[in-house]
There are 2 protein chains.
Amino acid sequence: MKVKQPIRVLVGQSGGPTAVINASLYGVLSAALESELSLGSPIEVFGMIYGLEGYLKGMMYDFSSLSEEKRPLLKTTPGSFLGSCRYKLPEDMADPLYGKIFEAFEKDRLDIVLYIGGNDSMDTVNKLSAYAAEHEKPLRIVGIPKTIDNDLPITDHSPGFPSAAKFVASLVRGIVRDAEVYDLPAVTLVEVMGRHAGWLTAACAAARVETEDNPVLLYLPEADFSVDSFITDIERQLEKRKALVVCLSEGIHLSDGTLLCEMAGEAGHDVFGHKQLSGAAKVLEGILRARLSIKVRSIELNVPQRCNAVEASLTDVSEAMRCGSFGLESALSGETGKAVVMTRKEEGAYGIDYALVPASMVGGKEKSFPASWITKGGSDVSDQFLEYLRPLLIGESRPPMKDGLPVYLTRD
Amino acid sequence: MKVKQPIRVLVGQSGGPTAVINASLYGVLSAALESELSLGSPIEVFGMIYGLEGYLKGMMYDFSSLSEEKRPLLKTTPGSFLGSCRYKLPEDMADPLYGKIFEAFEKDRLDIVLYIGGNDSMDTVNKLSAYAAEHEKPLRIVGIPKTIDNDLPITDHSPGFPSAAKFVASLVRGIVRDAEVYDLPAVTLVEVMGRHAGWLTAACAAARVETEDNPVLLYLPEADFSVDSFITDIERQLEKRKALVVCLSEGIHLSDGTLLCEMAGEAGHDVFGHKQLSGAAKVLEGILRARLSIKVRSIELNVPQRCNAVEASLTDVSEAMRCGSFGLESALSGETGKAVVMTRKEEGAYGIDYALVPASMVGGKEKSFPASWITKGGSDVSDQFLEYLRPLLIGESRPPMKDGLPVYLTRD
């Protein structure tokens, strides 16, 4: 019996990590094992350590060194197991960097490169596959989506967003319980990640138990922010209830484009003379306190939004895995220059179909929160959004626990 | 058969809420049901809405209106179900307020008052019971401990602390995974609650997987903070690893008592002229960036530390319940002017004995993190502390989920 040549696969993770980016990696590894059987060829999977940037320095991870017992921990480990980079490839396809990259690919005898990431990573997939096509390289390159911001176009949603949405909605529900304990007028401002896209802030609406409930106001970067309207909104809500919880995106801005977070710190220096930077919620905290003379506090949810894997969305973990396995299967079947996207089944119960589109349709592009889903003069979101969101939050993925704390996987 | 007079119990919650303060309330209700059988007397339980302050305005909750199906939700609902207040009773026992309070107690024909809270609440228990003794009132008053700060004296630890500690340690473990993804020198500063007591910051040490691991440095308010030593500590750690995670208490201060958070904002105003306030981590972020020219970010964990009930410590929930039931049982057996405390069993596996001490020994006093457990010149904590902490984190208490989000109980 003739032994077939092994198929060599290189997978990288790029951009900011999420709770499920490693679940996609797990999906790739699972599909490799299954495809070995169906194709009758050994499949060897390697990882770029610190993305393309690290790989070019010769940093490569051999997944055969990851034991079978440890592998499933990838499904519940946040952050990028392989490490990540923020690395934009040159627009000029004649740049010598491309030659250098393909030299490395050829030296490593690669057949397939998979890149798990957001807009910039899909741009990388697009450029590398364009270069490969132009230079008649047989390498197949496929992108696997991830981003908590949910701003990738075409795909129904992006792996990483559901778990981040579940985390913020769940936490905001707890913050509401906390905010309502005193019999005093008070405003709690919650700042949610999202510089350009308000999907995650919108997800805070799911924290409401009743229709007229905290969080009572939501501000997204897709609508211009007005400080005066904001004060009016707050005053109106204070007529109805004492404790308000308000959620806002870090990227909210005035109609002239000035970010709220830029409105702080012009004169803000600490006692050492170092400039202070504040978030949008912190800026609004100061404004509200001065204008309304009531108790105000701000909470910046910050990095935990993308690195908490305790009670992540099981739907998200499953879909992230399938995006990974679908990506490898597609490349094995000859596809290249494509990005995996998810399409929601139009009829019946919630379900996802996996498909491919040219990476150029995803790379470097951003999907905003739809204007038609922004309501009440830019201070709320529609029920249609909540219907879209609800199935994404279902199910709890839980890491194994040891000594009362989650067990996460690290490379060494 | 002669029907006995009902025993009337009033229970209040005071101060900042925790993840398990309602579990203590559940403990009180459970003990009431059990004691009805053993004593053969009906026991009627009422709640102060918004603590003593709301009660004096006539706001009272009748627990008979809380259905049997909903009652168990108290075990997993964060925040104060009854509402809370911050209300310090006058030192002068001749103040007419005391007469007014006891008038209300008598009007409501109360036999027992239970107050769930921290230092100030135990001070309230002490004062009210002193007044009762002086004026020969038969009312029995017992305090049930809670505080995420773990700064109540005598008791081994306080309900609320274990769940907050589990939350911060778990989240910091995720933050470490996130912080280590790039191949760049970077410092992540995590600010943890604790103005005077560093217990919660110390708990971040449990996030380490190996001994020499992130978070590499911990700063507690029990040790004077020096900016120069801090810079040196950071520089030394950067020689060993690229990405540092550093945890610090909000209340860290210089040797002259100046709080780090006071070092910002002297000249800090936003473009509207409003003064900006920053946390300690934000101040250190500015200092580090200026002095070391590396990537620095700060994360203030903020309110979620005390209001997250998703994967709370099951040990904490059980103990909080038992503190509540023990408090009522003690009052029923005639005790008054006491606070419930927990004593760790000295031998064998981890276990707690419940006991009473005079509320005066707990009220208004604070238990600092022991100086002998602070190591490495004030930048770390000892293994003895971790041994103390470990059993408190064990087990996961999970709220029921609906539509992918936790179900919490509200009064109406």
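Each chain has its residues counted from 1, following the order in which its sequence is written. For naming, the first written chain is A and the first written ligand is 1, with later ones following in the order written. Residue-level local features of this predicted model are given only where pLDDT is at least 70; pairs of side-chain atoms are given and counted only at 80 or more, and the full residue set underlies all totals for whole chains, interfaces and linings. Side-chain figures throughout are based on the complete set of non-hydrogen atoms in the structure, without hydrogens or water.

Caption draft 1: Seen up close, the overall build of chain A. Each helix is a run of DSSP H or I of at least 4 residues and each strand a run of E of at least 2, with the numbering of both proceeding from the N terminus. In terms of helices and strands, chain A carries 11 helices and 17 strands. For 412 residues, the compact-globule estimate of 2.2 N^0.38 gives 22 Å, and chain A sits close to it at 23 Å. Residue burial in chain A is summarised as follows: out of 412 residues, 63% are buried. Two residues qualify as a contact provided that any one of their heavy atoms is within 4.5 Å of a heavy atom in the partner residue. When contacts within chain A are restricted to residue pairs at least 6 apart in sequence, long-range pairs at least 24 apart make up 76% of them. A 1.4 Å probe and the Shrake-Rupley method give the accessible areas. Residues count as covered only by the protein chains that appear here. Looking at chain A as shown, the accessible area adds up to about 15,700 Å², and 50% of this sits on carbon and sulfur atoms. A radius of gyration in this sense is built from C-alpha atoms; the matching globule rule multiplies 2.2 Å by the number of residues raised to 0.38. Buried residues are those whose accessible area, probed at 1.4 Å on protein chains only, stays under 20% of the maximum for their type, while exposed residues exceed 50% and partly exposed ones sit between those limits.

Caption draft 2: Seen up close, helix α3 (residues 96-107) of chain A. Residue and element names in this part refer to chain A. Taking 1.5 Å per residue as the helical rise, α3 with its 12 residues ought to reach 16 Å, and the 17 Å between its terminal C-alpha atoms agrees with that figure. Inspection of α3 places Leu97, Tyr98, Ile101, Phe102, Ala104 and Phe105 among the buried residues, and these make up the whole buried set. Burial along α3 is one-sided: seen end-on, the buried residues are contained in an arc of 155°. Across from the buried face of α3, at angles greater than 90 degrees, the exposed residues are Pro96, Glu103 and Lys107. Turning to α3, the residues buried within the fold contact β1 (7-13), α2 (51-56), β4 (112-117), α4 (119-134) and β5 (140-145). Regarding α3, its N-cap is Asp95, as a side-chain oxygen of that residue lies 2.9 Å from the backbone nitrogen of Leu97 further along. Count one or two residues on from α3 and you reach Arg109, which has phi positive near 50°. The span one expects for a helix is its residue count, reduced by one, times 1.5 Å. Taking the helix axis as origin, the arc is that swept by the directions to the C-beta atoms. Two N or O atoms form a polar contact when they lie within 3.5 Å of each other; inside protein one atom must be a possible hydrogen donor and the other a possible acceptor, and for residues adjacent in sequence the pair counts only when both atoms belong to side chains.

Caption draft 3: Highlighting the interface of chain A and chain B. Contacts between the two partners involve 77 residues from chain A and, on the opposite side, 78 residues from chain B. Buried surface area refers to the total accessible area, computed with a probe of radius 1.4 Å, that the two partners give up upon joining, counted for both partners together. Summed over both sides, the interface between chain A and chain B buries roughly 6,100 Å², with carbon and sulfur atoms accounting for 61% of that surface. Considering only the surface of chain A that becomes buried against chain B, Arg177, Tyr182 and Leu405 of chain A emerge as the three largest contributors, covering 10% of it. One speaks of a salt bridge when a side-chain nitrogen belonging to Lys or Arg is within 4 Å of a carboxyl oxygen belonging to Asp or Glu. On the surface where chain A and chain B come into contact, there are six salt bridges. When the shortest N-O distance is used, the salt bridge between Arg398 of chain B and Glu311 of chain A registers 3.7 Å. For the pair chain A and chain B, the number of links is 14 residue pairs in polar contact (both at pLDDT 80 or more). Contributing elements (two or more residues each) for the side of chain A that touches chain B: α5 (161-179), α8 (280-292), β9 (295-300), α9 (304-307) and β17 (405-406) of chain A. The leading source of residues in the side of chain A that touches chain B is α5 of chain A, at 10 residues. Classes in brief: Ala, Val, Leu, Ile, Met, Phe, Trp, Tyr, Cys and Pro nonpolar; Asp, Glu, Lys and Arg charged; the others, Gly included, polar. By residue class, the composition of the side of chain A that touches chain B is 36 nonpolar, 21 polar and 20 charged.

Caption draft 4: Structural view of the sheet that holds strand β6 (residues 186-192) of chain B. Residues and elements named next belong to chain B. Read across the open sheet, the four strands follow the order β7-β8-β6-β9; overall the sheet is parallel. Of all strands in the sheet, those with a lone pairing partner are β7 (217-219) and β9 (295-300), marking the two edges. Each neighbouring strand pair of the sheet contributes to a mean axis angle of 15°, computed without reference to strand direction. Sheet topology note: the β7/strand β8 (residues 243-249) ladder contains three bridges and is parallel. Strand pairing is assigned whenever DSSP identifies at least 2 bridges connecting the two strands. Axis geometry follows a simple rule: fit a line to the C-alpha atoms, using only the stretch in contact for helices, then measure angles between N-to-C directions, giving values from 0 to 180 degrees.

Caption draft 5: Summary view of the relation of the copies chain A and chain B. To superpose the copies, least squares is applied to the C-alpha atoms of every residue with a pLDDT of at least 70 in both. Superposing chain A onto chain B requires a rotation of 180° together with a translation of 0.0 Å along the rotation axis, leaving an RMSD of 0.0 Å. Such a combination of rotation and displacement between the chain copies is what one expects of a two-fold axis. With an isologous cut-off of 70% or more, the 100% of interface residues of chain A that recur at the interface of chain B puts this contact in the isologous class.

Caption draft 6: Summary view of the packing of helix α1 (residues 21-39) of chain B against helix α10 (residues 314-332) of chain B. Residue and element names in this part refer to chain B. Two elements in contact, α1 and α10, have axes whose closest approach is 7 Å; the angle formed by their N-to-C orientations is 45°. Relative to α10, the element α1 is oriented oblique. Seen from above, α1 lies across α10 with right-handed handedness. Here Ala23, Ser24, Tyr26, Gly27, Val28, Ala31, Ala32, Ser35 and Leu39 of α1 come into contact with α10, specifically with Val317, Ala320, Met321, Gly324, Ser325, Leu328, Glu329 and Leu332. Split into classes, the residues belonging to the contact of α1 with α10 amount to 11 nonpolar, five polar and one charged. Here roughly perpendicular refers to angles of 65 to 115 degrees, roughly parallel to angles under 35, roughly antiparallel to angles over 145, and oblique to all remaining angles. The hand of a helix crossing depends on one turn: near helix anticlockwise from the far one by less than a right angle means left-handed, and clockwise means right-handed.

Caption draft 7: Here's a closer look at the pattern of salt bridges. Tallying each qualifying case throughout the model produces 50 salt bridges over all chains. The salt bridge involving Asp183 of chain A is made with Lys57 of chain B; its shortest N-O contact spans 3.8 Å. Residue Asp183 of chain A is found in the loop between α5 and β6 (186-192), and its partner Lys57 of chain B is found in the loop between α2 (51-56) and β3 (60-62); the two belong to separate chains. Here Glu285 of chain A and Lys282 of chain A are joined by a salt bridge, their closest N and O atoms 3.6 Å apart. Taken together, the positions of Glu285 of chain A and Lys282 of chain A, both in helix α8 and three residues apart, correspond to about one turn of that helix.

Caption draft 8: Quick look at α4 of chain A. Residue and element names in this part refer to chain A. Between its first and last C-alpha, α4 extends 23 Å over 16 residues, near the 22 Å set by a 1.5 Å rise per residue. Listed in full, the buried residues belonging to α4 are Asn119, Ser121, Met122, Asp123, Thr124, Val125, Lys127, Leu128, Ser129, Tyr131 and Ala132. Looking at the buried side of α4, the elements it contacts are α2, α3, β4, β5 and β11 (338-344). Downstream of α4 by one or two residues, Glu136 has phi in the positive range, about 50°.

Caption draft 9: Summary view of the sheet that holds strand β12 (residues 352-358) of chain A. Residues and elements named next belong to chain A. One open sheet holds the seven strands; their spatial order is β3-β2-β1-β4-β5-β11-β12, and the pairing between them is mixed. Looking at strand neighbours, the two that pair on one side only are β3 (60-62) and β12, the edges of this open sheet. With direction set aside, neighbouring strand axes in the sheet form an average angle of 30°. As paired strands, β1 and β4 are joined by five bridges and run parallel to one another. Bridging from a neighbouring strand, Val11 pairs with Leu114 of β4. Those strands touched by helix α1 (residues 21-39) are β1, β2 (43-48), β4 and β5, and its axis lies near 160° from that of β2.

Caption draft 10: Structural detail: the nonpolar core. In this text, buried Ala, Val, Leu, Ile, Met, Phe, Trp, Tyr and Cys residues form a nonpolar core when linked through side-chain atoms within 4.5 Å. The biggest cluster of nonpolar side chains holds 86 residues, and the ones touching the most others in it are Leu200, Phe369, Phe385 and Leu389 of chain A together with Leu200, Phe385 and Leu389 of chain B. Apart from residues lying up to four places away in sequence, Leu200 of chain B is in contact with Ile148, Phe161, Ala164, Ala165, Val168, Val192, Met193 and Gln305 of chain B.

Caption draft 11: Seen up close, the environment of Phe81 of chain A. Residue and element names in this part refer to chain A. Relative to the assigned elements, Phe81 resides in the loop between β3 and α3. Residue Phe81 is classed as buried on the basis of its relative accessible area of 4%. Sequence separation between Phe81 and Gln13 is 68 residues; the distance between their C-alpha atoms is 8.3 Å. If near-sequence neighbours (up to four positions away) are discounted, Phe81 is found in contact with Gln13, Asn22, Leu25, Tyr61, Phe63, Leu74, Leu409, Thr410 and Arg411.

Caption draft 12: Up close: the confidence of the model for chain A. Model confidence for chain A is summarised by a mean pLDDT of 94, while 96% of its residues fall at 70 or above. pLDDT measures how confident the predictor is about each residue, on a scale from 0 to 100. For the stretch residues 266-271 of chain A, pLDDT sits under 50, and the model shows 25 contacts to residues farther than four places along the chain or on other chains.

Caption draft 13: View of the pairing of strand β4 (residues 112-117) of chain B. Residue and element names in this part refer to chain B. The buried fraction of β4 is high, at six of six residues. Burial of the side chains of β4 extends over both faces: Ile112, Leu114 and Ile116 are buried on one face and Val113, Tyr115 and Gly117 on the other. Inspection of the sheet shows β4 paired to strand β5 (residues 140-145) by six bridges, in the parallel sense. Bridging from a neighbouring strand, Tyr115 pairs with Gly143 of β5. With the strands aimed away from the viewer, a crossover counts as right-handed if its path from the first strand over the helix to the second runs clockwise. Running through helix α4 (residues 119-134), the crossover from β4 to the neighbouring parallel element β5 is right-handed.

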